[in-house]
Amino acid sequence: MYQHIKVPADGQKITVNADLTLSVPDHPVIPYIEGDGTGADITPVMRKVVDAAVARAYGGSRKISWMEIYAGEKSTGVYGPDVWLPAETLEVLKDYVVSIKGPLTTPVGGGIRSLNVALRQELDLYVCLRPVRYFAGVPSPLKQPDKTDMVIFRENSEDIYAGIEWAEGSEGVKKVIKFLTEEMGVRKIRFPETSGLGLKPVSREGTERLVRKAIQYAIDNDKPSVTLVHKGNIMKYTEGGFRDWGYALAQKEFGAELIDGGPWCKFRNPRTGREITIKDSIADAFLQQILLRPAEYSVIATLNLNGDYISDALAAQVGGIGIAPGANMSDSVAMFEATHGTAPKYAGKDYVNPGSLILSAEMMLRHMGWTEASDLIIRAMEKAITSKKVTYDFARLMEGATQVSCSGFGEVMIEQMG
Ligand SMILES: NC(=O)C1=CN([C@@H]2O[C@H](COP(=O)(O)OP(=O)(O)OC[C@H]3O[C@@H](n4cnc5c(N)ncnc54)[C@H](OP(=O)(O)O)[C@@H]3O)[C@@H](O)[C@H]2O)C=CC1
Ligand SMILES: O=C(O)CCC(=O)C(=O)O
Ligand SMILES: [Mg+2]
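Just so we're clear, the structure is a prediction, and the values are computed from it rather than from any experiment.

Okay, the overall build of the protein chain next. Across its full length, the protein chain holds 13 helices and 18 strands. Taken over the C-alpha trace, the protein chain has a radius of gyration of 22 Å; the compact-globule value for 418 residues is 22 Å, and the two agree within 12%. Projecting the C-alpha coordinates of the protein chain onto the three principal axes gives extents of approximately 65 × 55 × 50 Å. The 418 residues of the protein chain split such that 52% are buried. Carbon and sulfur atoms provide 52% of the accessible area of the protein chain, an area that totals close to 19,000 Å².

So, in structure tokens, the structure goes:
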């Protein structure tokens, strides 16, 4: 059926019901992309830890049938030198509904465009969900890292991140600059002869669907606030639009009422009766607020590029991107992935922290309703960190730590499951 993908004989597909809930068989097929660079180190460790947690939680009655699919450098070896993202990979990701991926390399400047962004765009995975929480014992630059407890909803399909650009000196850039200067009266391009140009599309529809998910998450998880993070004072019709459309949606769809004339507003959580405040923060100020007053922020809804920066900054506050998990989601399809990249200098050394991909898999299991296995992974992570047997990133900042390898950390986690 597929050219290079081998479908495991012993598994079934996860399917989506009409109400968008999942039907998860006891032996679901989970497609995975190994990833470039350190992807080959962390992905097998993630699989081992997940298999151990599932076996421990369900005593053999449930088991994942892993199915390798290809993207990035490995794909060019399997499919041919120019095939970075095979059509059958996209087909499987849509069809099998829940998947997980390692990081994929994107060259700076020229070369291929981001495969990570392409996957999100092709599958319309418009929410990038990145929870940021503290595990006791993790070394952090903050005095009170446990005060950082936020969930980032990053818009994943629009913004300057969409990659609509024209290179300096290209026919494209000349045409666009000619149009802008001659037909639109633009006088603000400082060096028109030597500029590259990028477009920043931000829509009301794209903003509304993202902010709707963020507010619904706050309701479902009893969170006190949703903060819209933007640079709308400068980019008025894109980032400013994001803020205005976000507030308008909170009022229109969730019945939020203005506080002291606005723009902040609030409504009562229909499930718990507690207040949820919708507020906003300008992105530069937000980056200092999260360091100085992290406890004041809970659910964060933001644009694509801001979300990228904020994810890594917040991850650092709770110990770094080595344990920062994430998911890319549409209403029906979810692809889980680490927040960090391929960390090429460590590739193939069995060295880096596999925690980010393992915790992404933990989110995946929870999404599938396999909460007993998810809980086991969280507990194993907590105990592994408390035991101080950790990878280099934590060991270098922790007193009395024993440094273990990437696979060694997976083994420590599995031991902790008992
Ligand atoms: N979703 C994806 O697939 C992503 C892909 N990328 C791509 O990855 C490539 C490399 O990007 P780069 O900017 O270097 O960012 P990376 O996230 O790959 O690495 C930056 C630094 O973060 C730390 N780090 C990363 N992974 C781990 C880990 N598992 N455990 C512990 N520490 C870790 C290391 O810090 P230290 O040096 O202090 O040890 C590393 O040098 C680029 O091509 C980029 O486009 C980037 C982000 C996401
Ligand atoms: O696509 C890439 O290479 C980088 C993506 C990234 O940094 C992110 O999504 O956090
Ligand atoms: Mg990033």
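On we go from here.
This next bit is on the pattern of salt bridges. Overall, the coordinates contain 27 salt bridges when judged by the stated rule. Glu-165 serves as the salt-bridge partner of Arg-113, at 2.7 Å between the closest nitrogen and oxygen. One end of the pair, Arg-113, is in the loop between β5 (98–101) and α4 (115–122); the other, Glu-165, is in strand β8 (residues 165–166), with 52 residues separating them in the sequence. For Glu-165, a relative accessible area of 47% gives the class partly exposed. Between Lys-266 and Glu-275 there is a salt bridge; the shortest N-O distance is 3.5 Å.

Right, let's talk about the UniProt feature "domain: Isopropylmalate dehydrogenase-like" (unreviewed entry) in the protein chain for a bit. UniProt feature "domain: Isopropylmalate dehydrogenase-like" (unreviewed entry): in the numbering of this structure it lies at residues 29–413. Structurally, residues 29–413 is divided into 41% helix and 17% strand, and its ends, taken at the C-alpha atoms, are 24 Å apart.

Taken together, the neighbourhood of ligand 2 is formed by Leu-104, Thr-106, Ser-114, Asn-116, Arg-120, Arg-130, Arg-154, Tyr-161 and Asp-308. One of the side-chain nitrogen or oxygen atoms of Ser-114 is found 2.6 Å away from an oxygen atom of ligand 2. At 3.1 Å, a side-chain N or O of Arg-130 approaches an oxygen atom of ligand 2. When isolated, ligand 2 has an accessible area of 290 Å², and the protein chains bury 77% of it. Of the residues in the shell around ligand 2, the class split is two nonpolar, three polar and four charged.

A word on the environment of Thr-76. Positionally, Thr-76 belongs in helix α2 (residues 73–79). Thr-76 sits in the buried class, given a relative accessible area of 17%. Not counting residues within four places of it along the chain, the set of residues in contact with Thr-76 comprises Pro-81, Val-83 and Trp-84. Polar side-chain contacts of Thr-76 include one of 2.6 Å to the backbone oxygen of Glu-73.

Let's shift gears to the packing of aromatic side chains. To describe a pair of aromatic rings, you give the distance between the ring centres and the angle between the ring planes. By the definition in use, this model includes nine aromatic pairs. Through successive ring pairs, a cluster of aromatic residues spans Tyr-346, Tyr-351 and Tyr-392. For the cation-ring pair, Arg-154 lies above Tyr-161, with the distance from its terminal atom to the ring centre recorded as 4.7 Å.

Turning our eyes to something else, we now look at the environment of Arg-293. Within the secondary structure, Arg-293 is located in the loop between α8 (283–292) and β14 (299–302). Residue class for Arg-293 comes out partly exposed when judged on its relative accessible area of 40%. For Arg-293, the side chain forms a polar contact with the side chain of Glu-296, separated by 2.9 Å.

Moving on, we come to the pairing of β5. Within a regular strand, side chains alternate between the sheet's two faces. Across the two faces of β5 the burial is the same, with Val-98 and Ile-100 and Ser-99 and Lys-101 all buried. Two elements, strand β3 (residues 29–33) and β5, share two bridges in a ladder whose sense is parallel. In the sheet register, Tyr-32 faces β5, and the bridge partner there is Ile-100. As defined by bridge partners, β5 adjoins strand β16 (residues 334–337) across four bridges and the pair is classed as parallel. The partner of Val-98 across the bridge, within β16, is Ala-334.

Given a rise of 1.5 Å per residue, 20 residues ought to cover 28 Å, and the 28 Å separating the end C-alpha atoms of helix α1 (residues 39–58) matches this to within 8%. Considered for burial, the residues of α1 that qualify are Gly-39, Asp-41, Ile-42, Thr-43, Val-45, Met-46, Val-49, Val-50, Ala-53, Val-54 and Tyr-58. Gly-59 sits one or two residues past α1 and shows a positive phi near 55°.

This brings us to the nonpolar core. By size, the foremost hydrophobic cluster in this structure holds 94 residues, and its most contacted members are Ile-100, Ile-215 and Ile-278. Ignoring anything within four residues of it in the chain, the contact list for Ile-278 reads Ile-215, Val-226, Leu-228, Tyr-247, Ala-250, Trp-264, Cys-265 and Phe-267. Counting 20 residues, the second-largest nonpolar core is a separate cluster that includes Val-29, Ile-33, Ile-69 and Leu-104.

Time to look at α8. Among all positions in α8, only Ala-283, Phe-286, Gln-289 and Ile-290 are buried. All buried residues of α8 lie within an arc of 100° about the axis, which places them on one face of the element. Contact partners of the buried residues in α8: β7 (150–155), β10 (225–230), β13 (275–282), β14 and α9 (304–317).

Reading across from one edge, β4-β3-β5-β16-β15-β6-β7-β14-β10-β13-β12-β11 is the order of the 12 strands in this open sheet, with mixed pairing throughout. At either margin of the open sheet sits one strand with a lone partner, and together these are β4 (65–69) and β11 (257–258). Sheet topology places β11 next to strand β12 (residues 265–268); two bridges connect them, and they run antiparallel. Following the sheet pairing, Glu-257 is matched in β12 by Lys-266.

Right, let's talk about the site of ligand 1 for a bit. Around ligand 1, the surrounding shell holds 23 residues, and the nearest of these are Gly-341, Ala-343, Lys-345, Tyr-346 and Tyr-392. Note that an oxygen atom of ligand 1 is positioned 2.9 Å from one of the side-chain N or O atoms of Asn-116. Separating a nitrogen atom of ligand 1 from a side-chain N or O atom of His-340 is a distance of 3.3 Å. When isolated, ligand 1 has an accessible area of 880 Å², and the protein chains bury 71% of it. When contributions to the shell around ligand 1 are tallied by element, the ones reaching two or more residues are α4 and α12 (392–395). Class assignment of the residues belonging to the shell around ligand 1 gives a composition of eight nonpolar, nine polar and six charged.

Criteria and thresholds
- Residues numbered from 1 in each chain as written.
- Chains lettered and ligands numbered in written order.
- Predicted model: local features only at pLDDT ≥ 70, side-chain atom pairs only at ≥ 80, totals over all residues.
- Heavy atoms only, no water.
- Helix = DSSP H or I, 4+ residues; strand = E, 2+ residues; numbered from the N terminus.
- Rg over C-alpha atoms; globule rule 2.2 N^0.38 Å.
- Buried < 20%, exposed > 50% of the residue type's maximum accessible area, 1.4 Å probe, protein only.
- Areas by Shrake-Rupley, 256 points an atom, 1.4 Å probe, with all protein chains shown as cover.
- Salt bridge = Lys/Arg side-chain N within 4 Å of Asp/Glu carboxyl O.
- UniProt positions renumbered as here; feature names shortened; annotations may be inferred.
- Near = heavy atom within 4 Å.
- Polar contact = N/O pair within 3.5 Å; in protein donor to acceptor, adjacent residues only side chain to side chain.
- Nonpolar A, V, L, I, M, F, W, Y, C, P; charged D, E, K, R; others polar.
- Contact = heavy atoms within 4.5 Å.
- Phe/Tyr/Trp six-rings, centres within 6.5 Å; stacked < 30°, edge-to-face > 60°.
- Lys NZ or Arg CZ within 6 Å of the ring centre and 35° of its normal.
- Pairing = 2+ DSSP bridges.
- Expected span 1.5 Å × (residues − 1).
- Core = buried A, V, L, I, M, F, W, Y, C linked by side-chain atoms within 4.5 Å.
- Arc of directions from axis to C-beta.

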